[in-house]
Amino acid sequence: MLAQVDTFVGPEVNWFALSPLIALVAGALLMMLAGALTPRWPNGLYALACATTAGTAGALAMVQWDDITDNGPTTLVAGAVAFDTFSMFVTILICVSIILVAMLADDYLRGTPNDGPEIYALLLTAGAGGVVMASANDLIVLFLGLETLSLALYVLAASNRRSNRSGESGIKYFVLGGFASAFFLYGIALVYGATGTTNISEMVVALQNTVDLETPDGLALAGVALLLVGLGFKVAAVPFHIWTPDVYQGAPSPVTAFMASVAKAAAFAAMLRVLVIALPFYRDDWRPVIWVLALLSLLVGSVVAVVQTDVKRMLAYSSISHAGFLLVGVEAAGHTAGELDPGSGMSAVMLYLMLYSVMVIGSFAVVLVVQRHAGGDSSIEAFRGLSMRRPAIATAFTVFLLAQAGVPFTSGFIAKFGVIQAAVDVDSYAIAVIAMVSAVIAAFVYLRIMLTVWTGTPAENSEPIRVPLAVGVTIAGAAVFTLFAGIIPGWLIDATDTVTQYAR
Amino acid sequence: MIAAIPATSYLLLAALLFSIGAFGLLIRRNPLIMFMCIELMLNAANLTFVALATELGDINGQTAVFFVLVVAAAEVVVGLGIIVAIMRRRPGATADDLAELKG
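Every value quoted in this text rests on a predicted model; they were computed, and no experiment measured them.

Asks: Please explain the overall build of chain B as it appears in this structure.
Replies: Looking only at helices and strands, one finds three helices and zero strands in chain B. Ordered by position from the N terminus, the helices and strands of chain B form the series α-α-α. What you see for chain B is a C-alpha radius of gyration of 17 Å, clearly larger than the 13 Å of a compact globule of 103 residues, by over 25%. The C-alpha extent of chain B, read off along each of the three principal axes, is 55 × 30 × 25 Å. When each of the 103 residues of chain B is scored for burial, the buried share is 31%. Once local pairs closer than 6 in sequence are excluded, the contacts in chain B between residues at least 24 apart make up 47%.

Asks: What am I meant to see in the packing of helix H2 (residues 45–71) of chain A against helix H3 (residues 85–109) of chain A here?
Replies: Axes are the key here: two packed helices are described by the angle between their axes and the distance separating the axes. All names here are of chain A. It is the contact of H2 with H3, at a shortest axis distance of 8 Å, that shows an interaxial angle of 165°. Comparing their axes, H3 and H2 come out roughly antiparallel. Crossing of H2 over H3 shows left-handed handedness. Here the residues of the contact of H2 with H3 sort into 18 nonpolar, six polar and one charged.

Asks: Sorry if this is basic, but what is going on with the environment of Lys 264 of chain A here?
Replies: Residue placement: Lys 264 of chain A occurs in helix H10 (residues 253–278). Not counting chain neighbours up to four residues away, the residues in contact with Lys 264 of chain A comprise Val 235 and Ser 319 of chain A.

Asks: Please clarify how helix H1 (residues 19–37) of chain A should be interpreted in this entry.
Replies: Relative to the 27 Å expected for 19 residues at 1.5 Å per residue, H1 of chain A spans 26 Å between its end C-alpha atoms, a close match to the ideal helical length. Where H1 of chain A is buried, its residues touch H2, H3 and helix H4 (117–135) of chain A.

Asks: Hey, could you run me through H4 of chain A in this one?
Replies: Given 3.6 residues per turn, any residue in an α-helix points the same way as the ones three and four places further on. Taking 1.5 Å per residue, 19 residues should reach 27 Å; H4 of chain A reaches 27 Å between its end C-alpha atoms and fits that length. Taking burial as the measure, the 19 residues of H4 of chain A include 18 buried ones, the bulk of the element.

Asks: How should I be thinking about the packing of helix H5 (residues 139–157) of chain A against H10 of chain A in this particular structure?
Replies: Residues and elements named next belong to chain A. With their axes 11 Å apart at the nearest point, H5 and H10 run at an angle of 165° to one another. The angle between the axes of H5 and H10 places the two elements in the roughly antiparallel class. Remark: the crossing between H5 and H10 carries left-handed chirality. On H10, the residues touching Leu 142, Leu 146, Leu 149, Leu 153, Leu 156 and Ala 157 of H5 are Val 255, Phe 258, Met 259, Ala 263, Ala 266, Ala 270 and Arg 273. By residue class, the composition of the contact of H5 with H10 is 12 nonpolar, no polar and one charged.

Asks: Is there a simple way to explain the nonpolar core in this structure?
Replies: The nonpolar side chains of soluble globular proteins are, as a tendency, buried together. All names here are of chain A. Ranked by size, the top nonpolar core spans 236 residues in total, and within it Cys 50, Ala 266 and Val 349 carry the most contacts. Counting residues per element, this core draws most heavily on helix H13 (residues 345–373), at 21 residues. Residue contacts for Val 349: discarding those within four places in its chain leaves Phe 268, Leu 272, Leu 326, Gly 329, Val 330, Ala 333 and Val 419.

Asks: Got a minute to help me understand the interface of chain A and chain B in this structure?
Replies: When the parts of a complex come together, some accessible area is lost, and that lost area is often used as the size of the interface. Each partner contributes to the interface: chain A provides 38 residues, whereas chain B provides 35 residues. Of all the secondary structure elements, the ones that give two or more residues to the side of chain A that touches chain B are H5, helix H6 (164–195) and helix H9 (243–250) of chain A. Residue contributions to the side of chain A that touches chain B peak at 18 residues, all from H6 of chain A. Considering only residue class, the side of chain A that touches chain B consists of 19 nonpolar, 12 polar and seven charged.

Asks: Before we go on, may I ask you to explain the environment of Thr 54 of chain B in this structure?
Replies: Inspection of the secondary structure puts Thr 54 of chain B in helix H2 (residues 31–56). For the pair Thr 54 of chain B and Ile 38 of chain B, spaced 16 residues apart in sequence, the C-alpha to C-alpha distance is 25 Å.

Criteria and cut-off values
- Residues numbered from 1 in each chain as written.
- Chains lettered and ligands numbered in written order.
- Predicted model: local features only at pLDDT ≥ 70, side-chain atom pairs only at ≥ 80, totals over all residues.
- Helix = DSSP H or I, 4+ residues; strand = E, 2+ residues; numbered from the N terminus.
- Rg over C-alpha atoms; globule rule 2.2 N^0.38 Å.
- Buried ≥ 20, exposed ≤ 12 C-beta atoms within 10 Å, placed from the backbone.
- Contact = placed C-beta atoms within 7 Å.
- Axes fitted to C-alpha atoms, helices over the stretch in contact; angles between N-to-C directions.
- Parallel < 35°, antiparallel > 145°, perpendicular 65-115°, else oblique.
- Left-handed = near helix turned anticlockwise from the far one by under 90°.
- Nonpolar A, V, L, I, M, F, W, Y, C, P; charged D, E, K, R; others polar.
- Expected span 1.5 Å × (residues − 1).
- Core = buried A, V, L, I, M, F, W, Y, C linked by C-beta atoms within 7 Å.

None of the figures reported here should be taken as evidence of function without further support.
What follows is the structure in C-alpha cells.
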C-alpha cells in the first residue's frame, strides 16, 4: 500500500535559479498590496511598475541563461522544474511581451474604472503561469502553470465591464478553456497510470524500460490523445480553434495582443515539453496527429481570414494559420524527438514564437489606436485611408503585415523560413509545400488590409488620430525589431540554436 | 473488510463521468450548468488519479488530486465572477444569447 512518510524533508531549493519566476509573482503581489494601501498612483505609474517587474525578471533570466550555457541544464525543486535555455528563452520572450503589452494597456485603461493595479497584476500573474508552463518538468506543475495563465486570461478577457462583447469573450474563453484543461488533466491522469509517474524525467526512463515490449499501451495512447486535445485547444489549432476569433475580437485589444503572444508562446512551449521532451517514445503516434492539425490550421486559418470584415477577427484567423506554421516546426521536431541530435524543429519554433510575438503585439497596437479613434469599431472600414491621416502608423502597420505574410527582409520571412527548412531537413516535403501555399493565401488577407490602409480616403468626420506616447513607442520599437531581425537575424538564430539543450 | 472493487471499475466510472461532463457541456445552454459540467470532468480526472495511485501503490497520484482541487476552487471563483458580471448586464442570458461575436 501507500508509503508512510514519517519525517518530511523538504527539497533543496536553489532560489536564485528561480528568481525570474519569483520576480514576476512578487511584483504582482506587491502591486496588488501597494495598490490597495495607497491612494491612486499618478498616470502611467502602474504600467511602469509592471514593465519594471517584467524587465527585472527578463534581466534575471538572461543572467540564468549565461549560467546554463556555462554549467549545463539541470532541474530544480526536486526535479519539478527544469532549468534550461529552453525555459529561459520563453521567460525572456514572455517578459518582453509583458513590457510591450503594459505600455499598450496604460493608454487603454486611462479614464476607465479598470485603471488600477489589478490588470497589471493579472498580466504579471499570467506571465508567471506561462513561465511555469515552459519550465515545468512535471506534468502536474505544467497543469498548475496552465491554469495560472488561463485563469488570469479569463479575467483579463472579461475585464472591460462596460462592454457586452468583453464579457461574452470572457465566458466563451472560460468555458472552452476549462473544457480543454479538463481534457489535459484527464490525459495526465492516464499517462500517469501508464508510466507510474507525472515527472517528465522519470517518465522518459519508465517508457525507455517498457518500450522494448512492442506492445502499444492503450492507457498511455489514450492519455497522449487527450493531452493533444488539451494542447490543441490552447495553441488554437484547427479543429480546436472555435473560441479564437470570438475571444480575440471581444477581448480588449491589449489583452488580445497578450493572448496572441504570451499565451501562444507558453502553449507551444508546453506542447514541446510534453510531446518532444516527455513523450518521444510515442512520437510515431502523435506526429501524424500534429501533421493533420498543422494542415488544417494552415488552410482553414488562411482561407477563412480572407472572408472576414473585422481586422481583429482577420488577425485571429491569421494567428491560427501562424499556429499551423508553428505546428509544422513541432512536426519536424517530432521526427528526431528523443535522439541525440535533436534536429532544428525546436529551435525553429522558438525563433518563430519570438518574432511572431513582437509583430503581433505591434499589429494589435495599431488596431488599438485605430479602434479607439473609431469608437470601438475594428472593422476594416475603420482603417480606410489611415495612410493619409497617420502615415507613420500606416507604415509601421504595413511592416507588421508584410512580416506576418513572410516577405523577405522582415522577421516573418526568417521565422517561416526556419520552420519550413526544419520540415525539409526531415523530409517532410508535403507539409512544407502546403505551408508555402497557405502563406500565399494568407498574403492576400494582409494585402487586402494594406490596400484599405493606403488607397482608401478617410471618412468625413476624420479628426486627427491621437497616438499616445507609450503606444507610439511600442509600435516604433516593434517595427524596428521586425525589420532589424529580418535583416540581421544571425544573433537570434544563434540564441535559439541553443534551446535544444534541455534538461530532463 | 469489504470486498475490493477492481481499479478497472473506478476507471470506467471515471470515464463515464468525464463523458457525461463533456457531453453535457456541449448540449446544455445554461452557463451555470456548463460550468458544473467542467467541474464534473475535473472530478472524473481526480477519480482516475486516485484509482491509479491506489493501483500503483504510489502516493504522488493522490497528492495531485489536492492540487487539482485547489485549481478547481480557483476556477469556481473566476467562473462565477464572470457569469455574475454577465448576468448583471443581461439577466437570464443563455449560451445562445451570447452571440454578439460571430462571423
